[in-house]
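Topology and contacts: notes
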Amino acid sequence: MSSRKLLYVIDDEPDIRTLVRSVLEGYGYEVQTFGNGKDARAAIRRQPPELCIVDLGLPDMDGLTLVRELWGDARMGVVILTGRGGVSDRVLGLELGGDDYIVKPFEPRELVARINSLVRRREQLAAVAAGNNLQRARFGEWVFDPGNLTLIADDGHQESLSAAEAGLLMALLKAPKRVLSRDQLQGAESDRDDCAFDRSIDVRISRIRKKIERDAKGARLIKTVYGAGYLFAADVVWLSGE
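Residues numbered from 1 in each chain as written. Predicted model: local features only at pLDDT ≥ 70, side-chain atom pairs only at ≥ 80, totals over all residues. Heavy atoms only, no water.

1. As for the sheet that holds strand 5 (residues 100–103)
Spatially, 2-1-3-4-5 is the arrangement adopted by the five strands of the open sheet, whose pairing is parallel. Looking along the sheet, the strands with just one partner apiece sit at the ends: strand 2 (30–34) and strand 5. Adjacent strand axes in the sheet meet at a mean angle of 20° when their direction is disregarded. Pairing analysis gives four bridges linking strand 1 (residues 6–10) to strand 3 (residues 51–54), with the strands arranged parallel. Bridge assignment links Ile-10 to a residue of strand 3, and that residue is Val-54. Its contacts with the sheet put helix 1 (residues 14–26) on strand 1, strand 2, strand 3 and strand 4 (77–82), and the angle it makes with strand 2 is roughly 170°. (Pairing = 2+ DSSP bridges. Helix = DSSP H or I, 4+ residues; strand = E, 2+ residues; numbered from the N terminus. Axes fitted to C-alpha atoms, helices over the stretch in contact; angles between N-to-C directions. Contact = heavy atoms within 4.5 Å.)

Below, the structure is given as structure tokens:
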């Protein structure tokens, strides 16, 4: 069995599929390509990849619909690769579950850097969970398990996080009751390998709040410190492994 990371490229442009596949295979990834959402869905059910690269202009469905579906599966990352460069499209793409958003035309080396960063972030989170040090974190009514990117409430309810969301939450949990700037959080999220969209931190904080706050507008756990950044206001207890 191949040890290479499996990536799916979902794009209706044959030239883009060929280019992305060639570039990523050159960096050691195993790549499969699909020209529509239907074929990609079927392949994902058979064999979920490490990461999907999704165009928003698919011929048989809106790519945002597919992104929303993939967001519910914490097993894979999602990179949006599209010609839609407007702010509203970027914000919506991130809100619906994209880990990153890249606008066409793109520089292949930038695409590789961003994918490497996302894959590495997912591996780091899994390594934390597999080690003997900081594993699960308890705060409020929640336990965060970085190994499977999952939040588990005391009543058994579960919420899945994307790798980008989990990276941000981990940074906040490691520095409770301290103000972290957007630059600090951006570094925790992406290792500064990319030129991330300026609103990405705010969008992902909003998504995390919707999952852990009973009243997201009240912001009891993650507080905005205007002009400075964000502060995680609850006590955090790190739970040792079994």
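2. Thoughts on the packing of helix 6 (residues 163–173) against helix 8 (residues 200–212)
Running from N to C, helix 6 and helix 8 cross one another at 80°; their axes reach a closest spacing of 10 Å. In terms of orientation, helix 6 and helix 8 fall into the roughly perpendicular class. Each of Ala-164, Glu-165, Leu-168, Leu-169 and Leu-172 in helix 6 lies in contact with helix 8, whose residues at this interface are Ile-201, Arg-204, Ile-205, Arg-207, Ile-208 and Lys-211. Split into classes, the residues belonging to the contact of helix 6 with helix 8 amount to seven nonpolar, no polar and four charged. (Parallel < 35°, antiparallel > 145°, perpendicular 65-115°, else oblique. Nonpolar A, V, L, I, M, F, W, Y, C, P; charged D, E, K, R; others polar.)

3. Section: unusual backbone geometry
Residue Pro-105 is bonded to the preceding Lys-104 through a cis peptide linkage, with omega at -5°. Assignment of secondary structure puts Pro-105 in the loop between strand 5 and helix 5 (108–130). In this model, Leu-149 sits at a positive phi of 55°, which is unusual for a non-glycine residue. By relative accessible area, Leu-149 is classed as buried at 6%. The phi torsion at Lys-177 lies on the positive side, around 65°, for a residue other than glycine. Counting through the fold element by element, Lys-177 comes out in the loop between helix 6 and strand 10 (179–180). Look at Lys-177 and you get partly exposed, because its relative accessible area is 48%. (Buried < 20%, exposed > 50% of the residue type's maximum accessible area, 1.4 Å probe, protein only.)

4. With respect to helix 3 (residues 63–71)
Regarding helix 3, the residues found buried are Gly-63, Leu-64, Leu-66, Val-67 and Leu-70. Taken around the axis of helix 3, the buried residues stretch over an arc of 155°, which confines them to a single face. Looking at the packing, one finds that the buried side of helix 3 touches strand 1, helix 2 (37–46), strand 3, strand 4 and helix 4 (87–95). With a side-chain oxygen positioned 3.0 Å from the backbone nitrogen of Leu-64, the residue opening helix 3 is Asp-62. (Arc of directions from axis to C-beta. Polar contact = N/O pair within 3.5 Å; in protein donor to acceptor, adjacent residues only side chain to side chain.)

5. Brief notes about helix 2
Among all positions of helix 2, only Gly-37, Ala-40, Ala-43 and Ile-44 are buried. Within helix 2, the buried residues cover an arc of 125° as seen down the axis, which keeps them to one side. Away from its buried face by more than 90 degrees, helix 2 exposes Lys-38, Arg-45 and Arg-46. Here the buried face of helix 2 lies against strand 1, strand 2, strand 3 and helix 3.

6. A short note on the pattern of salt bridges
Using the criterion set out here, one finds 15 salt bridges in the structure. Between Lys-104 and Asp-55 there is a salt bridge, with the nearest N and O atoms lying 3.7 Å from each other. Highlighted residues: Lys-104 in the loop between strand 5 and helix 5 and Asp-55 in the loop between strand 3 and helix 3, separated in sequence by 49 residues. For the pair formed by Lys-104 and Asp-55, the shared burial category is buried. In this structure, the salt-bridge partner of Glu-165 is Lys-211, at a minimum N-O distance of 2.7 Å. With Glu-165 in helix 6 and Lys-211 in helix 8, this residue pair connects regions lying 46 residues apart in the sequence. Connected through salt bridges with shared partners, the residues Asp-11, Glu-13, Asp-55 and Lys-104 form a single ionic network. (Salt bridge = Lys/Arg side-chain N within 4 Å of Asp/Glu carboxyl O.)

7. Considering the packing of aromatic side chains
According to the stated counting rule, one finds two aromatic pairs in the structure shown. Considering the side-chain rings of Tyr-8 and Phe-34, the 5.0 Å spacing of their centres and the 70° angle between planes classify their relative orientation as edge-to-face. Placement of the pair is Tyr-8 in strand 1 and Phe-34 in strand 2, with a sequence separation of 26 residues. The pair Tyr-8 / Phe-34 is uniform in exposure class, with both members buried. Ring centres of Phe-139 and Phe-232 lie 5.2 Å apart, and the angle between their planes is 85°; on these two criteria the pair is classed as edge-to-face. On the criterion of sequence distance, the pair formed by Phe-139 in strand 6 (residues 136–139) and Phe-232 in strand 12 (residues 229–232) is long-range, its members being 93 residues apart. The buried category is assigned to Phe-232, whose relative accessible area is 0%. (Phe/Tyr/Trp six-rings, centres within 6.5 Å; stacked < 30°, edge-to-face > 60°.)

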